[in-house]
Amino acid sequence: MGKYLGLDSSTQSLSCCLIDNDKQRIEYESSINFDEYFSGDYGTTNGVLELGNGTVHSPPLMWVEALDMLFETMRSDGVDLSSINSISGSGQQHGTVYLNNSVTRKLANLDPSETLKVQLSHIFSRSTSPIWMDTSTKKQCIELENKIGGKNAFLELTGNTAYERFSGPQIRKFYQDEPKSYHETSNISLVSSFIASILAGKPTGIDPGDASGTNLMDISTQKWSHKLLEATAPNLAGKLLPISNPQTTIGKISSYFTKRYGFDSRCEILPFTGDNPSSLIGLGLVDPGRVALSLGTSDTLFACMNSPQVSHNGEGCVFASPDGKNYMALICFLNGSLAREAVRDAYRLSWQEFAQALKETPRGNNGGLILPYFSPEITPQVSNPCVVRHALNESDAKANVRAVIEAQAMASKIHSKWMDIDIHSLYVTGGASINEEILRIYADVHNCPVHRFETTNSACLGAALRALQEDIGCDWKTAVAPYTQPSKNSTIQPKTNASELYVELLKEYEILVAANIY
Ligand code: XUL
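Residues numbered from 1 in each chain as written. Predicted model: local features only at pLDDT ≥ 70, side-chain atom pairs only at ≥ 80, totals over all residues. Heavy atoms only, no water.

**Notes on the state of the cysteines**
Under the definition given, this model contains 0 disulfides. Take Cys386: it sits in no disulfide, and the sulfur closest to it among the cysteines is that of Cys332, at 18 Å. (Disulfide = S-S within 2.5 Å.)

**Overview of the site of the ligand**
Surrounding the ligand, one finds Gln92, Gln93, His94, Trp132, Arg165, Asp275, Asn276, Ser298, Thr300, Phe319, Leu330 and Cys332. At a separation of 2.7 Å, an oxygen atom of the ligand approaches a polar side-chain atom of His94. Relative to its unbound accessible surface of 300 Å², the ligand loses 97% to contact with the protein. Residue assignment for the shell around the ligand shows that the elements contributing at least two residues are α13 (275–282) and β18 (327–333). For the shell around the ligand, the residue count by class is 4 nonpolar, 6 polar and 2 charged. (Near = heavy atom within 4 Å. Polar contact = N/O pair within 3.5 Å; in protein donor to acceptor, adjacent residues only side chain to side chain. Areas by Shrake-Rupley, 256 points an atom, 1.4 Å probe, with all protein chains shown as cover. Helix = DSSP H or I, 4+ residues; strand = E, 2+ residues; numbered from the N terminus. Nonpolar A, V, L, I, M, F, W, Y, C, P; charged D, E, K, R; others polar.)

**A closer look at the sheet that holds strand β17 (residues 317–320)**
Strand order in the open sheet made by the 6 strands is β17-β18-β16-β15-β21-β22, with mixed pairing throughout. Of all strands in the sheet, those with a lone pairing partner are β17 and β22 (450–451), marking the two edges. Pairing of strand β21 (residues 426–429) with β22, which is carried by 2 bridges, proceeds in the parallel orientation. From the neighbouring strand, Leu426 faces β22, where its bridge partner is Val450. Of the strands in this sheet, β16 (299–305), β17 and β18 are in contact with α13, which crosses β16 at around 60°. (Pairing = 2+ DSSP bridges. Contact = heavy atoms within 4.5 Å. Axes fitted to C-alpha atoms, helices over the stretch in contact; angles between N-to-C directions.)

**With respect to the environment of Leu468**
The topology assignment puts Leu468 in helix α18 (residues 458–472). Using a relative accessible area of 1% as the deciding quantity, one classes Leu468 as buried. The contacts of Leu468, once residues within four sequence positions are left out, are Tyr4, Ile19, Asn21, Gly473, Ala479 and Tyr483. (Buried < 20%, exposed > 50% of the residue type's maximum accessible area, 1.4 Å probe, protein only.)

Everything listed here is a matter of geometry and, on its own, says nothing about what the molecule does.
Okay, structure coming up:
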């Protein structure tokens, strides 16, 4: 029997996907939405705590509690957890978890008659974790780039410019603002390696895919760079485990899970990675060529590459692929579903009415444009929320809905130029990919077909596929092929002549961005 479980600890939820490789199909999917399940227990909205001045954190104990909830849900849904061969997973990228010196002992001695929440509530040296939405570390980014010899030297070493949300600048800020708590920290994990550590019952290393998003890894060796560690904070090397091999198991599942939920004691845990690197596998991007779009809390556009192509203007990132040989180029838009939800809520629309508004409004929106920075934006970098309308009446709900989606689609075209990839089709995933009307706009703006999949959670699927590939030992193409074919009849073709219209609108949009941002 070949069953493999993939988990994804994202900003708003913890999800899973179970694949049955004998039947070559997805057998089960489920999700714990933090706001719904914990209804205010942790004080979060959309899974996060907005603490002011660009500071955005989440409580790691909430992720811990969700793990018990998810396995309880799976069990009560009748999933036979004892049939799972191995587990891998992913987490929202960049977020850091700060652990004190009790963590190793606590993880090794979990009592199956008590919840994880009760037993792990005192392992943190910092009760909240800065996450990828945090934009409060501009000062640290500048300091780090200067210490390494400037922007280009930094880019050369890490593959990325110093980004506010990346883990290194976040760790430096913690050290500068709370030196005592920093010194009481014995281990720093990312969201991905933290969840893997709980499952394996011991602290585990970060994989190269997620380590690429820390501004601490040498992109050419895929090892921690001592120069970067020293520049970031004192004794940092002692607080990080070596970068783990993405294709080598960490060990067997902790007895807490075998005894409490009935997992088989032979079930293996594979290193977890970032949600975007995991999606790369979940969408079948194991060879250069395909370009994917993920419409989630953040929207990301990414592609697989043989070698690390870097973004000199600081618009994009490069991460190692969890396949152990390739790289991924990525651009991240913070105002993804956050902007779609902001407009939906402002005009009190249901998602059905939102889609209807797209259907009823003309392509190009009669020239009506919006800069949809409801929250600070990552691409382009916008430090404060800034919503600008051009030839667009704020009271016209339908036109505002179209303006936001057209803005998002045009931004994905404009800011992907540095990747130097001819986008001749788009493979789409993420919650909003069920909305056909949104995808029509992407097809028209990019003037290419858009393909959809059975699951909208490619990060989870990618995790399950990584577990499968390691267990079976087959090549990546063979592992992913049965699960990553677009759903039948799901392809959306661009409308003839639409691209001409958008060529003009794209120019106007770029002028609007330039006039307001730079
Ligand atoms: C990528 C990024 C986001 C998070 C969302 O760099 O910051 O896509 O990974 O979970």
